[in-house]
Amino acid sequence: MAAVKAAVMTGPGAVEMREFPRPAIGGDEILLKVERAGICGSDKHMYAGHMPLQFPVVPGHELVGVIEELGPRAADEMAVIGGPIAEGDLVTTTPSSVACGRCWFCLHQPQRPALCANRYVHGFVSSDVAPAPRGGFAEHMHLTSRSWIFKIPEGLSPEIAVLTEPAAVATRAVERALAPGIPHISEGLGMDKSVMVLGAGPIGQLVIAALAHVGTDCIIASDLSPSRLTLAGAMGAHHAIAADASLDERLEQVQELTGGVGPDIVIETAGVPVVFKESLDFVRRGGIVVEVGHFTDPGGVEIRPNQVCFKDLDIRGMWAYPAMQFKTALSFLRSTRAPLDRFITHTLGLDETEKGIEVTGTEGSMKVVVVP
């Protein structure tokens, strides 16, 4: 049986190339030939040892590929969105499996499937557990019957479709800022609103593009990197705040841009604990903070709970997204005017995966993509 090459993270700070037997699929499963896989900030955190995982792991959960083998019952057993599927179709898949429908969270909060206690997540499961590989940094990937399959729309290239997963994060972050139910004046995201995005990395850039896509009047980007702030302007930000200035200086700049009250909404995407603390400083009284950046745990920071009460804040956390967010993400990728070609800064081979992880987050890099 032919072998499948994969980049395996054997532990924090260690990646090596390994071969696996070509996965044999069941009648309700799919063998995916991986075309492209993006390197996520969580892959970087995994590499840094910030995630309690059962190593070894084949990382990679931002991916697009071609169906190479389709079990005869797979299309009926899987959640398939975007039309009938066949061998040769370009598709993407959510990292998380279909929710189990039986755990406490599925029964009591079915509207939040990301909380399912029994889901598995591609790119985060041990490669010692069959079937393998179940991560995108591999030539082929095994998809079980609990997978979500999204057919890539015509006209959307693999080079852009690989951004579906981070675009799902970004569009979900913007939707978290919307007021539930019937909007009330000055509540939630809408017309005549100001939004500050703290962190102009890959997710921050896509959040900015999504905010511009829905017509946000005032988008303020903040980051330490001048090149990232320049790109943020191209993605749709109206103003840029250099994060290397003192907090007091930055607060003054933001106050001037927002009529002296602060942004209606602050979205934290940097994943740096002190930046979450600063989000509470920047947002206006009665505003909303959406916390996106801390999918992993890089540590804590001291905050003053009185500030939350005094400002009467809504703080909205975000744990991934519902799987159907991929449909929203694909719609966004097809119609956005953001220069996504500039957004992808590095394209590397599978054997350069470790180099790609190391370069991710450095000056001059944005989205790094692996092409197996």
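Just above, that's the structure.
Nothing here was measured: the structure is a model prediction, and the numbers come from that model. (Residues numbered from 1 in each chain as written. Predicted model: local features only at pLDDT ≥ 70, side-chain atom pairs only at ≥ 80, totals over all residues. Heavy atoms only, no water.)

Engineer: Quick question: what am I supposed to make of the nonpolar core here?
Structural biologist: For soluble globular proteins, the rule of thumb is that nonpolar side chains tend to be buried together. Formed by 57 residues in total, the largest nonpolar core has its most connected members in Val207 and Met235. Of all the elements, helix α6 (residues 202-213) adds the most residues to this core, at seven residues. Among residues more than four places away in sequence, those in contact with methionine 235 are Gln205, Leu206, Ile208, Ala209, Ala212, Ala338, Pro339, Leu340 and Phe343. If you look at the next biggest cluster of nonpolar residues, it comprises 29 residues, including Ala7, Ile39, Met51 and Ile357. (Core = buried A, V, L, I, M, F, W, Y, C linked by side-chain atoms within 4.5 Å. Buried < 20%, exposed > 50% of the residue type's maximum accessible area, 1.4 Å probe, protein only. Helix = DSSP H or I, 4+ residues; strand = E, 2+ residues; numbered from the N terminus. Contact = heavy atoms within 4.5 Å.)

Engineer: Looking at this structure, I do not really get the side chain of lysine 311. What am I missing?
Structural biologist: Note that lysine 311 resides in the loop between α10 (305-310) and β14 (314-317). Buried charge without a partner: lysine 311 forms no salt bridge, and the closest opposite charge is aspartate 281, 5.8 Å away. Ignoring any residue separated from it by four or fewer positions in sequence, one finds lysine 311 in contact with Leu280, Asp281, Phe282, Val283, Arg284, Arg285, Gly286 and Gly287. (Lys, Arg positive; Asp, Glu negative; His and termini not counted. Salt bridge = Lys/Arg side-chain N within 4 Å of Asp/Glu carboxyl O.)

Engineer: Would you explain the side chain of threonine 93 in this entry?
Structural biologist: Structurally, threonine 93 is set in strand β6 (residues 90-93). Given a relative accessible area of 2%, threonine 93 falls into the buried group. Only 2.7 Å separates the side chain of threonine 93 from the backbone oxygen of tryptophan 148, close enough to count as a polar contact. In contact with threonine 93, not counting residues within four places along its chain, are Leu63, His122, Leu143, Ser147, Trp148, Ile149 and Phe326. (Polar contact = N/O pair within 3.5 Å; in protein donor to acceptor, adjacent residues only side chain to side chain.)

Engineer: When you look at the pairing of strand β9 (residues 194-198) in this model, what are you seeing that I'm missing?
Structural biologist: Side-chain direction in a regular strand flips from residue to residue, so the side chains alternate between the two faces of the sheet. Within β9, five of the five residues are buried, leaving the element largely enclosed by the surrounding structure. The sheet contact formed by β9 and strand β10 (residues 218-223) spans five bridges and is parallel. When the bridges of β10 are listed, leucine 198 appears paired with serine 222. Handedness of the β9-α6-β10 crossover: right-handed. Examined bridge by bridge, β9 and strand β12 (residues 265-268) share four bridges and lie parallel to one another. (Pairing = 2+ DSSP bridges. Right-handed = clockwise from strand over helix to strand, strands pointing away.)

Engineer: Even after reading the chapter, I still don't get a nonpolar patch on the surface, so can you show me in this structure?
Structural biologist: A cluster of nonpolar residues, Val272, Val274, Val301 and Ile303, forms a patch on the protein surface that exposes about 260 Å² of accessible area. Within the fold, isoleucine 303 resides in the loop between β13 (288-291) and α10. Looking at isoleucine 303, the relative accessible area reads 32%, which means it is partly exposed. (Patch = residues over 30% accessible without salt bridge, like charges linked within 9 Å, V, L, I, M, F, W, Y side chains within 5 Å. Areas by Shrake-Rupley, 256 points an atom, 1.4 Å probe, with all protein chains shown as cover.)

Engineer: I'm lost on the packing of α6 against helix α7 (residues 226-235) in this one. Help?
Structural biologist: Closest axis-to-axis distance for the α6/α7 pair is 9 Å, and the angle between their directions is 25 degrees. As far as their axial angle goes, α7 and α6 are roughly parallel. The chirality of how α6 crosses α7 is right-handed. For the pair formed by α6 and α7, the contact residues are Gln205, Leu206, Ile208, Ala209 and Ala212 on the first element and Arg228, Leu231, Ala232 and Met235 on the second. (Axes fitted to C-alpha atoms, helices over the stretch in contact; angles between N-to-C directions. Parallel < 35°, antiparallel > 145°, perpendicular 65-115°, else oblique. Left-handed = near helix turned anticlockwise from the far one by under 90°.)

Engineer: How should helix α1 (residues 41-48) be read in this particular structure?
Structural biologist: In an α-helix there are 3.6 residues to a turn, and that puts residues three or four apart on one side. By the burial criterion, the buried members of α1 are Ser42, Asp43, His45, Met46 and Tyr47. Residues of α1 that are buried sit in contact with β1 (3-11), β2 (14-21), β3 (30-39) and α13 (353-359).

Engineer: Please clarify how the sheet that holds β13 should be interpreted in this entry.
Structural biologist: Whether parallel or antiparallel, the strands of a sheet pair through hydrogen bonds between backbone atoms. Strand order in the open sheet formed by six strands is β11-β10-β9-β12-β13-β14, and the pairing between neighbours is parallel. The sheet is open, and its two edges are formed by β11 (239-242) and β14, each paired on a single side. Neighbour to neighbour, the strand axes of the sheet diverge by 20 degrees on average, direction disregarded. Bridge count for β12 against β13 is four bridges, and the pairing is parallel. Each bridged residue has a counterpart across the sheet, and for glutamate 268 the counterpart in β13 is glutamate 291. Sheet strands in contact with α6 are β9, β10 and β12, and its direction is about 165 degrees off that of β9.

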